[in-house]
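The residues making up each chain are set out below.
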Amino acid sequence: MSRPAIAIARAIFPQVVERLQSHFDVVTNQQDTLLSGPELAAFARGKAGLLCTGSERIDPALLAACPDLKICANMAVGYNNFDLDAMTAARVLATNTPDVLTETTADFGFALLMAAARRVTESEHFLRAGQWTRWSYDMFAGQDVHGSTLGIIGMGRIGQGIARRGALGFGMRVIYHNRSRLDPALEADCQAQYVSKEELLRTADHVVLVVPYSAASHHTIGAAELAMMKPTAVLVNIARGGIVDDVALAQALRERRIAAAGLDVFEGEPQVHPDLLALSNVVLTPHIASASVPTRLAMANLAADNLIDFLVHGRPRTALNAQALGLA
Ligand code: 8YV
């Protein structure tokens, strides 16, 4: 019996490629060449499965060019690179990688919060540049994290992980805003209190964004929201570019209307707005919040599990549109 054919759009762990090769005929892009939309379509054409990352767009043009495609397995929990309605219309199963990256990503939210509030990267650049000639009492004095009020926008699994770290580890008062309120047991477990977005922005000492990207969450934080925040506040975005208006944020940071920011995601990444690059009170990282070695391996394996479960055993695993396809 012939084996299904799959395409792996980006370089991933060789052991995961080998695992997939034991089930499928595999074409890989282990050179990690950046593929344009038409190149990706040519690469995936004739394949039943595609393993991709958040960088590859699965849109009507790709789906039309790849009529044999049955599943796209995203190696990411976020899936704003998927046109889910178009995938469902084309009867292509969409899967993502929830849970396996929750704690690692929550850790990184705190890494950015700590780095921005305590001016870690800014002071390191100063030291490396040979500018540290003497100590002074106010040198790189920043904002406290412990005991402060933490505002979380987006209270899914990662938001809850950040809440627990804040409440249990740093003695923070945790407030959150979300499309829907958590059930009381979960709120108690996270020691988090539901508030309106405006109250959160006005009262939080630090704001962490973990909301998924959609048309509705575009520019959740713009000039008006930044104007509500405390001048001592730190803003952290580990969600998606486009949740924050980067130009408005750069202006607020430049004018010290908020103290600092920690950003892992950007509008138009991998480009970063020059206004942000020019500022010292912002910590900038290249979309690495889930990038620990064990977690990246778990993400790749879960994407592989999704392909194997569906194409070999006919069972959807962590699927996004199984119900819409009548498979769940
Ligand atoms: C991914 C992410 O590494 O899971 C997500 O949603 O943002 C990251 O963990 C990135 O999207 C590449 O797929």
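Predicted, not measured: the structure shown is a model, and the values here were computed from it.

Caption draft 1: Main features of the site of the ligand. Close to the ligand lie T53, G54, M75, A76, V77, G78, L101, R240, H287, S290, R296 and M299, which account for all nearby residues. In the environment of the ligand, an oxygen atom lies 2.7 Å from a nitrogen or oxygen atom belonging to the backbone of V77. The separation between an oxygen atom of the ligand and a polar side-chain atom of S290 is 2.6 Å. Protein burial of the ligand: of its 320 Å² of free accessible surface, 84% is covered by the chains. Classifying every residue of the shell around the ligand by side-chain character gives 5 nonpolar, 5 polar and 2 charged.

Caption draft 2: Summary view of the domain arrangement of the protein. Here the protein is described as being made up of domain 1 (5–98 + 293–311) and domain 2 (102–284). Residue-level contacts link 5 residues of domain 1 with 4 residues of domain 2. With both chains or domains summed, domain 1 and domain 2 bury close to 440 Å², and 49% of this area falls on carbon and sulfur atoms. For the domain 1 face of the interface with domain 2, the top three residues by lost area are N80, P98 and T295, together amounting to 74%. Counting the contacts that link domain 1 with domain 2 gives 0 salt bridges. Linking domain 1 to domain 2 there are 2 residue pairs in polar contact (both at pLDDT 80 or more). For the side of domain 1 that touches domain 2, a count of residues per class yields 2 nonpolar, 3 polar and no charged.

Caption draft 3: Structural context of unusual backbone geometry. Of note, the bond from E269 into P270 is cis; its omega dihedral lies within 30 degrees of zero at 10°. Positionally, P270 belongs in the loop between β11 (260–263) and α12 (274–277). The phi angle at F140 is positive, at roughly 50°, despite the residue not being glycine. Its place among the elements puts F140 in the loop between α6 (120–128) and β6 (149–153).

Caption draft 4: View of the sheet that holds strand β7 (residues 173–177). Spatially, β8-β7-β6-β9-β10-β11-β12 is the arrangement adopted by the 7 strands of the open sheet, whose pairing is parallel. Looking at the sheet topology across the chains shown, the edges are occupied by β8 (192–194) and β12 (282–284). Each strand of the sheet is rotated relative to its neighbour by a mean of 20°, with strand direction disregarded. When β11 meets β12, the two strands line up parallel, connected through 3 bridges. Of the residues in β12, the one forming a bridge with G262 is V283.

Caption draft 5: Structural detail: the sheet that holds strand β4 (residues 71–74). Spatially, 5 strands are ordered β2-β1-β3-β4-β5 in an open sheet, and the strand pairing comes out parallel. Two strands in the sheet have a free side with no partner beyond their single neighbour: β2 (25–28) and β5 (93–95). Ignoring strand direction, the axes of neighbouring strands in this sheet form an average angle of 15°. Here 3 bridges tie strand β1 (residues 5–8) to strand β3 (residues 49–52), and the two strands are oriented parallel to one another. Of the residues in β3, the one forming a bridge with I8 is L51. Each of β1, β2 and β3 touches helix α2 (residues 37–44); the most contacted strand, β1, lies at about 150° to it. Helix α13 (residues 293–311) contacts β1, β3, β4 and β5 of the sheet and is inclined by roughly 160° relative to β4.

Caption draft 6: Geometry of the nonpolar core. Counting residues in hydrophobic clusters, the biggest one holds 55 residues, and the most contacted among them are L20, L150, I152, I162, I238 and L307. Of the residues that make up this core, three or more belong to each of domain 1 (5–98 + 293–311) and domain 2 (102–284). Excluding its chain neighbours within four sequence positions, the residues that come into contact with L150 are F110, L113, I162, G166, M172, R173, V174, I175, A204, H206 and V208. Counting 29 residues, the second-largest nonpolar core is a separate cluster that includes L201, L235, L253 and L279.

Conventions adopted
- Residues numbered from 1 in each chain as written.
- Predicted model: local features only at pLDDT ≥ 70, side-chain atom pairs only at ≥ 80, totals over all residues.
- Heavy atoms only, no water.
- Near = heavy atom within 4 Å.
- Polar contact = N/O pair within 3.5 Å; in protein donor to acceptor, adjacent residues only side chain to side chain.
- Areas by Shrake-Rupley, 256 points an atom, 1.4 Å probe, with all protein chains shown as cover.
- Nonpolar A, V, L, I, M, F, W, Y, C, P; charged D, E, K, R; others polar.
- Domains from an automatic or database assignment.
- Contact = heavy atoms within 4.5 Å.
- Buried area = accessible area lost by both parts, 1.4 Å probe.
- Salt bridge = Lys/Arg side-chain N within 4 Å of Asp/Glu carboxyl O.
- Helix = DSSP H or I, 4+ residues; strand = E, 2+ residues; numbered from the N terminus.
- Pairing = 2+ DSSP bridges.
- Axes fitted to C-alpha atoms, helices over the stretch in contact; angles between N-to-C directions.
- Core = buried A, V, L, I, M, F, W, Y, C linked by side-chain atoms within 4.5 Å.
- Buried < 20%, exposed > 50% of the residue type's maximum accessible area, 1.4 Å probe, protein only.

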